[in-house]
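# Architecture at a glance
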Amino acid sequence: MWALVIFTIATTGPAASTVTSLTFSTRHLCLIAERQLESLTEPVVSEGLVRYEVVATCVQLSEESRKK
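Quick caveat, the model's predicted, so the values are computed rather than measured.

### Re the overall build of the protein chain
The number of helices and strands found in the protein chain is two helices and four strands. Its C-alpha atoms give the protein chain a radius of gyration of 14 Å, more than 25% over the compact-globule value 11 Å for 68 residues. Oriented by its inertia axes, the alpha-carbon framework of the protein chain measures out at about 45 × 25 × 10 Å. Among the 68 residues that make up the protein chain, the fraction classed as buried is 18%. By sequence separation, contacts in the protein chain at least 24 residues apart represent 53% of the contacts at least 6 residues apart. Carbon and sulfur atoms make up 57% of the accessible area of the protein chain, which amounts to about 5100 Å² in all. A distance of 10 Å separates the average location of the 6 positive side-chain charges in the protein chain from that of its 7 negative side-chain charges.

In structure tokens form, the structure reads like this:
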């Protein structure tokens, strides 16, 4: 199993972030989703600073996670 971990970071006003994950049965599917997300989101830059950004990465889940 693979998980696409998505970090959303906002720095307008007080800094805030969220983390979301989606699971996939194969690494290939996870990488497709990662590339698609990257193509749909762009950092928001204002006054030379990144104000909002979405970052994602695929990670392999451990054997213990699979048993649960």
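What follows continues from the structure just given.
### Thoughts on the environment of L37
Structurally, the position occupied by L37 is in helix α1 (residues 27–40). As a C-alpha pair, L37 and V55 span 18 residues in sequence and 8.7 Å in three-dimensional space.

### Notes on the environment of E38
Note that E38 resides in helix α1. Placed 18 residues apart in sequence, E38 and A56 show a C-alpha to C-alpha distance of 7.7 Å.

### Description of the pairing of strand β2 (residues 16–24)
Inspection of the sheet shows strand β1 (residues 2–10) paired to β2 by nine bridges, in the antiparallel sense. Across the sheet, the residue bridging to F7 is V19, located in β2. Where β1 folds back onto β2 in an antiparallel hairpin, the turn is made up of five residues, including G13, whose phi is positive at roughly 70°.

Criteria and thresholds
Residues numbered from 1 in each chain as written. Predicted model: local features only at pLDDT ≥ 70, side-chain atom pairs only at ≥ 80, totals over all residues. Heavy atoms only, no water. Helix = DSSP H or I, 4+ residues; strand = E, 2+ residues; numbered from the N terminus. Rg over C-alpha atoms; globule rule 2.2 N^0.38 Å. Buried < 20%, exposed > 50% of the residue type's maximum accessible area, 1.4 Å probe, protein only. Contact = heavy atoms within 4.5 Å. Areas by Shrake-Rupley, 256 points an atom, 1.4 Å probe, with all protein chains shown as cover. Lys, Arg positive; Asp, Glu negative; His and termini not counted. Charge placed at Lys NZ, Arg CZ, Asp CG, Glu CD. Pairing = 2+ DSSP bridges.

Function-wise, these values are silent; they only describe arrangement.
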